[in-house]
Amino acid sequence: MDFIKGLNAQQREAVSHTEGPLLILAGAGSGKTRVITHRIAHIITARHIPPSAILAVTFTNKAANEMRERVAALLEDVPLESSPAVSTFHSFCVRLLRRDGDPLARIRPGFTRRFSIYDDEDQLGLIKAAYRGLGLDEKEFMQYRAALSRISHAKNVKETPQDLYKKAVNKENEALAALYEEYEKALRTANALDFDDLLLEAVRLLRHDEATREAWNRRLSYVMIDEYQDTNRSQYELMRLLSDSHKNVCVVGDEDQSIYSWRGADIRNILDFERDFPNSKTIRLEQNYRSTKNILAAAGAVVENNKARKGKKLWTEAADGDTIGLYAAYDAENEALFIADTIEKYMVVNPGDHVAVLYRTNSQSRQIEEALRRYGRKYNIVGGFSFYQRAEIKDIVAYLKLAASNVDSVSLLRVINTPARGIGRTTVEQIEKYAREHGINLWDAVERIIDDQHLSTRSQSALVLFRNLIQELSLVASSSSLADLIRHILDRTGYRRMLQQEKTPESETRLENLEELINAAAESAERGDTISDFLDHAALVADADAYDEQAPITLMTLHNAKGLEFPVVFLSGMELGLFPHSRSMDSEAALEEERRLCYVGMTRARKRLFLTWARFRRRFGGGEQERSTPSWFLSEVPAHLIQNLGVTDEPGEVNLIAERHDVRQSARRNTYTGKTYNSIENISQFFSEKGLPVNSLKTPPQVPPAPFSRPAAPNKPLTQAAPPVRKPARTGMTVEHPKYGTGTVVRREGDGDDAKITVNFPRFGLKKLVEKYAGLKRS
DNA sequence: TGATTGTTTGCTCCA
DNA sequence: CAAACAATCA
């Protein structure tokens with residue numbers, strides 16, 4: 001088996017150089033995924049290394065799944081008893097802490113493996129409580145998010161609240177230190193870890209617990225890290241700890257594509273690699289296989305304006321290709337229509353090609369969506385408001401977390417009065433005050449306040465009901481399935497009744513979302529997941545994981561587009577203040593990052609690249625249109641590469657199809673509302689792409705213990721359990737549902753286990769069901 | 001005291 | 001165009 005054939009000289013070198021530290025500087029489109037997958041296959045076959053001794057870390061779950069599948073495809077004919085561990089940093093750390101985290105309790109008192117994971121909304125809840133506790137006001141002090149980002153930064157550079165106190169030079173610094181202290185205390189009393197902690201605590205565990213570290217060092221002999229330019233300090237330390245004994249660490253990255261410094265990514269990790277690993281080898285992949293000469297030249301010309309870079313020159317054997325299209329729209333609406341119109345025309349000629357519309361901020365998607373809908377085009381949107389961020393989902397998940405761990409204060413505050421049960425603001429404030437004064441968590445405070453009985457009778461009884469409810473839920477949680485637990489929550493908390501009484505289209509959607517949550521829970525359980533697996537997965541799904549490469553049109557932010565490629569790319573909103581973003585314009589470093597972001601966006605394109613901006617744009621939903629200035633990045637593209645596609649000084653000056661009367665008429669009749677990728681239809685997909693589980697180090701070393709022991713292609717397991725043979729429901733068929741009674745099938749999507757059918761029940765209206773779990777009978 | 005209704009306010013990017 | 005907040009109602 002030869003995994004070196006078909007590669008260029010540099011790629012070949014990168015694949016075959018397996019021992020010792022290796023830095024691969026891989027330019028955009030230089031075949032880096034190919035190199036990583038071939039390298040893994042090569043190590044396994046040529047060096048006879050068991051796959052489980054290889055760890056590859058990627059940036060998203062999606063990329064991890066893809067990599068696993070590609071390696072499996074390469075090794076199709078090789079009998080293997082395990083598969084390589086491919087994972088993101090965060091999911092790796094969560095699994096490490098959940099399974100082998102016990103020793104951490106010695107170093108970090110209070111830690112248990114049942115910790116909750118707090119996302120940024122939860123963090124916001126904590127910081128608000130900390131403000132309240134310290135009597136701080138967001139308007140007078142600083143914005144919650146600003147405080148959070150300062151705290152996160154401190155954590156990542158290993159500064160404690162005490163360190164901040166010591167170097168504080170004014171009241172504001174001191175207040176921040178106090179906030180930080182409060183915030184950390186709250187995390188610990190709630191037994192919760194934020195996203196920073198997941199990495200930090202994993203590092204702490206490996207650093208201070210020799211047994212765990214040595215076990216991992218014995219297990220792994222090769223570590224590979226993708227998107228290395230976007231790793232932060234803890235990820236760097238994690239890499240060092242995991243490759244401590246063998247030093248076979250291979251990192252792949254491109255300093256020109258470092259776009260996450262605001263999240264703690266430290267570009268020095270890649271710039272200093274050669275210094276950190278003195279006997280390392282560096283290989284540059286500079287041949288681009290993706291884009292035309294023109295696109296590459298344009299992108300290169302932009303990023304050349306950056307000073308902080310190693311400098312590398314991408315080249316290609318591809319043809320010049322088309323010039324870069326530039327369009328100056330009158331306003332955002334016109335820009336969106338231009339994009340939709342150009343796509344429409346392009347699709348006629350190249351029906352199979354996929355298009356990406358990229359933007360800097362999520363809010364820009366709205367108008368583009370609207371334009372595409374007017375053209376009746378299907379589109380997918382990645383990011384924005386995802387399933388797990390919806391209020392109703394977060395509410396139920398909060399109940400689940402609370403049932404699993406009643407010390408989870410953020411979840412408690414979230415649902416203590418949702419649905420309204422008579423526990424109002426003042427009562428909650430009393431609970432918080434009590435907890436603070438006695439140094440206990442909110443749950444204990446609730447119990448003690450009930451015992452003390454110094455609330456009004458009304459509040460007292462409301463609180464008792466709530467306490468009993470949660471106690472009942474934790475009891476149910478220990479004895480029934482996750483799906484049943486969710487159903488129980490919906491019934492017993494009155495959540496379902498609350499939504500049913502509303503009877504608005506929104507409440508209908510919410511109910512459907514909750515049904516989908518139950519379906520996802522059932523599917524998750526069927527794969528053998530525990531409740532905690534389910535909650536972890538919900539916490540760690542990334543927006544980018546929802547990207548569907550089959551989608552003809554995809555809308556997403558530039559950040560989400562990292563690592564992807566498309567025949568046609570639109571870069572929209574190229575205006576000062578928007579891109580580069582106003583908050584990144586006052587520092588040189590931030591501006592350079594915006595420029596790298598621009599470079600990332602441009603290099604996603606294979607054949608056609610369009611840059612658009614709007615001369616007028618309104619900043620808020622309602623406000624006035626404001627005049628805008630074209631982005632500096634536009635003028636950094638050499639003029640000879642640009643083709644001007646029009647400048648409109650008046651709305652509607654350019655003759656778009658959508659401006660024609662007949663198209664408007666038909667658009668009005670067209671009720672198609674696009675396809676939102678974060679819609680409920682895709683939730684089961686999120687779950688089916690679950691990463692492979694890590695075996696605990698505690699498991700006895702019986703049969704070759706693959707650390708990631710599932711078959712390499714999770715979607716097509718070799719030993720697929722034969723599904724119960726059931727006639728698929730067809731459109732028009734009358735079926736019977738255990739709860740909704742009889743109804744008519746109106747639509748059917750997908751097939752096999754994923755088949756979803758929409759059924760019209762006379763009494764309950766349209767319901768979308770996963771056929772496999774709906775328990776339908778023909779009637 | 002808690003629930004509901006009106007009013008104001010203010011956009012990064014994300015695991 | 002939302003969520004967050006203040007003001008009002010029950």
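Residues numbered from 1 in each chain as written. Chains lettered and ligands numbered in written order. Predicted model: local features only at pLDDT ≥ 70, side-chain atom pairs only at ≥ 80, totals over all residues. Heavy atoms only, no water.

Caption draft 1: Region of the structure containing the overall build of chain A. When its secondary structure is counted, chain A shows 31 helices and 21 strands. A total of 779 residues make up chain A; the buried ones form 55% of that total. Put simply, of all contacts in chain A between residues at least 6 apart along the chain, 74% involve residues at least 24 apart. Accessible area of chain A: about 34500 Å², with a carbon and sulfur share of 49%. (Helix = DSSP H or I, 4+ residues; strand = E, 2+ residues; numbered from the N terminus. Buried < 20%, exposed > 50% of the residue type's maximum accessible area, 1.4 Å probe, protein only. Contact = heavy atoms within 4.5 Å. Areas by Shrake-Rupley, 256 points an atom, 1.4 Å probe, with all protein chains shown as cover.)

Caption draft 2: Fine view of the protein's contact with DNA strand B. Inspection of the region around DNA strand B gives 31 residues, with Arg 360, Asn 362, Thr 426, Thr 427 and Arg 583 positioned closest. The sugar-phosphate backbone supplies 51% of the atoms of DNA strand B found within 4 Å of the protein. Of all the secondary-structure elements, those providing two or more residues to the surface near DNA strand B are helix H20 (425–438) and helix H22 (457–479). Among the elements that take part in the surface near DNA strand B, H20 stands out by supplying 3 residues, more than any other. (Near = heavy atom within 4 Å.)

Caption draft 3: Region of interest: the pattern of salt bridges. Scanning the model with the defined rule gives 52 salt bridges in all. The partner of Asp 254 in a salt bridge is Lys 312, and the shortest N-O contact between them spans 2.7 Å. Placement of the pair is Asp 254 in the loop between strand E7 (249–253) and helix H13 (268–271) and Lys 312 in the loop between helix H15 (293–303) and strand E9 (324–331), with a sequence separation of 58 residues. Exposure remark for Asp 254: the relative accessible area of 1% places this residue in the buried category. Put simply, Asp 341 and Lys 345 hold a salt bridge, and the shortest N to O gap is 2.6 Å. Highlighted residues: Asp 341 and Lys 345, both in helix H16 (residues 332–349), separated by 4 residues, approximately one helical turn. On the basis of relative accessible area, Asp 341 is assigned to the buried category, the value being 1%. What emerges from the salt-bridge pattern is a single network uniting Asp 119, Glu 121, Asp 122, Lys 394, Asp 395, Lys 401 and Arg 414. (Salt bridge = Lys/Arg side-chain N within 4 Å of Asp/Glu carboxyl O.)

Caption draft 4: Broad picture of helix H11 (residues 210–219). For H11, the set of buried residues is Thr 212, Arg 213, Ala 215, Trp 216, Asn 217 and Arg 219. Of the surrounding elements, those touching the buried residues of H11 are helix H4 (89–100), helix H10 (195–208) and helix H12 (233–242).

Caption draft 5: Molecular detail of the environment of Thr 60. Along the chain, the position of Thr 60 falls in the loop between strand E2 (54–58) and helix H3 (61–74). Each C-alpha atom of the pair Thr 60 and Thr 426 lies 43 Å from the other, and the pair is 366 residues apart in sequence. With near-sequence residues (within four places) excluded, Thr 60 lies in contact with Thr 88, Ala 544 and Asp 545.

Caption draft 6: Highlighting the sheet that holds strand E8 (residues 281–285). Across the sheet, which stays open at both edges, the 6 strands sit in the order E3-E2-E6-E7-E1-E8 with parallel pairing between neighbours. The open sheet has two edge strands, strand E3 (85–88) and E8, and neither has a second partner. The mean angle between the axes of side-by-side strands here comes to 15°, regardless of whether they run parallel or antiparallel. Pairing analysis gives 5 bridges linking strand E1 (residues 22–26) to E8, with the strands arranged parallel. Bridged to Leu 25 within E8 is Arg 284. Packed on one face of the sheet, H3 meets E2 and E3 and runs near 165° to E3. (Pairing = 2+ DSSP bridges. Axes fitted to C-alpha atoms, helices over the stretch in contact; angles between N-to-C directions.)

Caption draft 7: Main features of the pairing of E2. In terms of burial, E2 is a largely internal element, 5 of the 5 residues being buried. On E2, burial covers both faces: Ile 54, Ala 56 and Thr 58 on one face and Leu 55 and Val 57 on the other are all buried. Pairing geometry for E2 and strand E6 (residues 222–225), over 4 bridges, is parallel. For Val 57, the partnering residue across the bridge sits in E6 and is Ile 225. Relative to E3, E2 runs parallel, the two sharing 4 bridges. Note that in E3 the partner of Ala 56 across the bridge is Val 86.

Caption draft 8: View of the packing of H10 against H12. H12 packs onto H10 with a crossing angle of 30° between their chain directions and a minimal axis gap of 9 Å. Relative to H12, H10 is oriented roughly parallel. When the axes of H10 and H12 are compared, the crossing they make is left-handed. Across the interface between the two elements, Leu 199, Leu 200, Ala 202, Val 203, Leu 206 and Arg 207 of H10 pack against Ser 234, Gln 235, Glu 237, Leu 238, Leu 241 and Leu 242 of H12. (Parallel < 35°, antiparallel > 145°, perpendicular 65-115°, else oblique. Left-handed = near helix turned anticlockwise from the far one by under 90°.)

Caption draft 9: Layout of helix H21 (residues 442–452). Regarding H21, the residues found buried are Leu 442, Trp 443, Ala 445, Val 446, Ile 449 and Ile 450. When H21 is viewed along its axis, its buried side chains cluster within an angular range of 160° and face the same direction. Buried positions along H21 lie against helix H19 (409–415), H20 and H22. One side-chain oxygen at the N-terminal end of H21 lies 3.0 Å from the backbone nitrogen of Trp 443; it belongs to Asn 441. In the segment just after H21, Gln 453 is the residue with positive phi, at about 60°. (Arc of directions from axis to C-beta. Polar contact = N/O pair within 3.5 Å; in protein donor to acceptor, adjacent residues only side chain to side chain.)

Caption draft 10: Molecular detail of the confidence of the model for chain A. Model confidence for chain A is summarised by a mean pLDDT of 83, while 83% of its residues fall at 70 or above. Averaged pLDDT values over the elements of chain A bottom out at 41 in helix H29 (residues 661–669) and peak at 97 in strand E13 (residues 566–571). Here residues 660–728 is modelled with pLDDT under 50, and outside its nearest four sequence neighbours on either side it reaches 138 contacts, counting other chains as well. Throughout residues 750–754 the model reports pLDDT below 50, and contacts reaching past four residues in sequence, or to other chains, amount to 6 contacts. (pLDDT = per-residue confidence, 0-100.)

Caption draft 11: Region of interest: the state of the cysteines. Counted under the stated rule, the structure contains 0 disulfides. With no disulfide of its own, Cys 93 has Cys 250 as its nearest cysteine by sulfur position, at a separation of 19 Å. Owing to a relative accessible area of 0%, Cys 93 belongs among the buried residues under this scheme. (Disulfide = S-S within 2.5 Å.)

Caption draft 12: Structural context of the environment of Ile 423. In this structure, Ile 423 sits in the loop between H19 and H20. C-alpha of Ile 423 to C-alpha of Arg 70: the two residues are 353 residues apart in sequence and 54 Å apart in space. When residues no more than four places from it in sequence are discounted, the contact partners of Ile 423 are Ile 416, Asn 417, Val 428, Ala 462, Leu 463 and Phe 466.

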